[in-house]
Amino acid sequence: MLKCKTVWRKLAPLARASSTACRQNVRRAGLNNVRSPALVPVSHMSTGGAGGGGENKLYVLLVGAACVGGAAYAYQTVKGDSQRYQDRLAEIASRPNKSATEQPTTYIQSEAPAVQSTETVEVPEQGSEPQATEKKEPPSAEEAGPPATATEEPVVPSPSETTQLSPAADPGLSLAKVPSHAPYLLIGGGTASFAAARSIRARDPGAKVLIVTDEPDLPYMRPPLSKELWFSDDPSVTDTLRFKQWNGKERSIYFQPPSFYISPEDLASTENGGVAVLTGRKVLHMDVRGNKVQLDDDTEISYDKCLIATGGEPRNLQVIERAGEEVMKRTTLFRKIEDFKALDKVSRNVKSITIIGGGFLGSELACALGRRSNESDLEVVQMFPEKGNMGKVLPEYLSNWTTEKVKKEGVKVITEALVKSVTYKDDKVEIQLKDGRVVNTDHIVAAVGLEPSVDLAKSAGLEVDSDFGGYRVNAELQARSNIWVAGDAACFYDIRLGRRRVEHHDHAVVSGRLAGENMTGASKPYWHQSMFWSDLGPDVGYEAIGIVDSSLPTVGVFAKATAKDTPKAATEKSGTGIRSESETEAVAVSPVASSTPSPSPMQQQDEYGKGVIFYLRDKVVVGIILWNVFNRMPIARKIIKDGEEHADLNEVAKLFNIHED
């Protein structure tokens, strides 16, 4: 209509001029009878010939066509607006039914989420259905209820959208939808991710954190899987996953109960933020430029900041992998809760178990199973290529002493054992060594190291360190813009000891906490020397820090142990069974050296009750082991941080008060 008026305003002067010209022509035509035609002025109103009425008809047609066109255009415009208005009203009227009948694959927050029905849905019944084999059809519009109010419960998704948690986890969390966006996305559900989540929330109380893990369990601590859980008197320990620490106090293997977490589908709408865990899902692809990841079910999640804490996978021997299905079925790669449950069941149903590996994990499992063998007829064998237990870490004399300690736990130790082949014969697994020795067993536990999980390196464009493995990060644990790495998968730059990769619980705690701080803008370098510890039962244990490599020169200072110099006594004093969680908060103070004279370092003695072992590189201490000496780690950390040469390490050992009763 507006355009029609505009056209008319432009054509109206022409129409009036045409009418005036016509009247003038008529008047002048009457004068032709008395005047000479040469005196009559000619009015040229068009490009046609002068005079006559053709030009008048042309202008009349022009004006008429303009009016008709404008009217037609106005009619079509009004009619179209009316139709769009009706369509809009219909769309608005249909919204309640649409929100009730459609269930998107990704979670989108709205002010009033729809409920599936007015009846209560039993979560365990849906959760018990297979997740990957069946998909329910969405309810019809007639079955759907009215829009939910702010106090109504959100819809329970179908099994195809659910995530299964451990039996100890809240069933409500196991049926959560996948959020489409997470301000803080943490890939991996281990110690590093949990430490990062706690750190992020401490610095940003309103932060919304999403943890994505391919395990079915909520974040838990791994050390008890090879330590305290095996010494529990509770026959249902594999179900409860609760254990007594060396100090007698009981706790769960999980960092926090299910009530600590929020449902992933509530992450966007929770006013004060929180930590949500999406279990049973694996991140397969990262779009770094688009700040989003793709899960194994093709779901995409965008993020603002991302942490990769994927840990690693246990290695296996190639001879075992090539041995065939029967051997693989009788082999355990120990890493997760399900591995602990499986090995516990195996140990109660077979006659013999052979552990391949003489490191931390292999020696801990050997002692645990060896003690169980004293209560049954289970035969426990441990074999490794070194000359003694933990031969890559401990100096030879201490490694040999440790081997004797493991034997006293009921373990048959085979040293300098290189596996040549593994076969399955006569319902037994036959292990043939390169020197001709043969070991027959019912089950194998391969504890030969960890391979860092770097599957996302290619899609994310991240660098993998060729020497140490893992994602290569800077001193602030940052791999790329908005991407950090922590835990076993991080190859970080230690400002004191150089580039390193560490596979221990305390490192996961410290690096995860630092990554969380830096994700919130702290920009702190990694300077804290994390520790690790190993217990060979409740009576022998050690804590270590820095680079502890048996190929380095070492100096050991030992003293006679007392009843309080055991892991059990140490946890009774500190009140916690996870020693790193308490000691990492401690700050080294200027210690007061013991006035008791100390013996000369590393005397040839049969017993090493307690002591300190210093590892040297270019005459500077780069690593320290505290053997049955506890709650002194801040002192050791300060010695390494100072990086000074010491003329007499025997005097340095006095700082740990090892000669006091």
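K.L.:
Describe the overall build of the protein, listing the residues and the values that go with them.
P.N.:
On a plain count of helices and strands, the protein comes out with 17 helices and 30 strands. In the protein, which comprises 661 residues, the share counted as buried stands at 48%. Accessible surface, the protein: about 32,500 Å² in total, of which carbon and sulfur atoms supply 50%.

K.L.:
Could you give me a rundown of the pairing of strand 13 (residues 352–356), with the residues and numbers involved?
P.N.:
The side chains of a regular strand alternate, first on one face of the sheet and then on the other. Within strand 13, five of the five residues are buried, leaving the element largely enclosed by the surrounding structure. Neither face of strand 13 is exposed, since S352, T354 and I356 on one face and I353 and I355 on the opposite face are all buried. Sheet topology places strand 13 next to strand 14 (residues 379–383); five bridges connect them, and they run parallel. Bridge pairing in strand 14 places I356 opposite M383. Each parallel crossover has a hand, and for strand 13 linked through helix 10 (residues 360–373) to strand 14 it is right-handed.

K.L.:
So, the sheet that holds strand 28 (residues 554–559): which residues are in play, and what are the values?
P.N.:
Read from one edge to the other, the open sheet built from five strands follows the order 26-27-30-29-28, with strand pairing classed as antiparallel. Strands at the two margins of the open sheet, each flanked by one partner only, are strand 26 (531–535) and strand 28. Ignoring which end each strand starts from, the neighbouring axes of this sheet average 15° apart. As paired strands, strand 27 (residues 541–546) and strand 30 (residues 620–627) are joined by five bridges and run antiparallel to one another. Looking at strand 30, one finds that G546 is bridged to G623. Seen against the sheet, helix 10 touches strand 26 and strand 27 and runs at an angle of roughly 30° to strand 26.

Conventions we followed
- Residues numbered from 1 in each chain as written.
- Predicted model: local features only at pLDDT ≥ 70, side-chain atom pairs only at ≥ 80, totals over all residues.
- Heavy atoms only, no water.
- Helix = DSSP H or I, 4+ residues; strand = E, 2+ residues; numbered from the N terminus.
- Buried < 20%, exposed > 50% of the residue type's maximum accessible area, 1.4 Å probe, protein only.
- Areas by Shrake-Rupley, 256 points an atom, 1.4 Å probe, with all protein chains shown as cover.
- Pairing = 2+ DSSP bridges.
- Right-handed = clockwise from strand over helix to strand, strands pointing away.
- Axes fitted to C-alpha atoms, helices over the stretch in contact; angles between N-to-C directions.
- Contact = heavy atoms within 4.5 Å.

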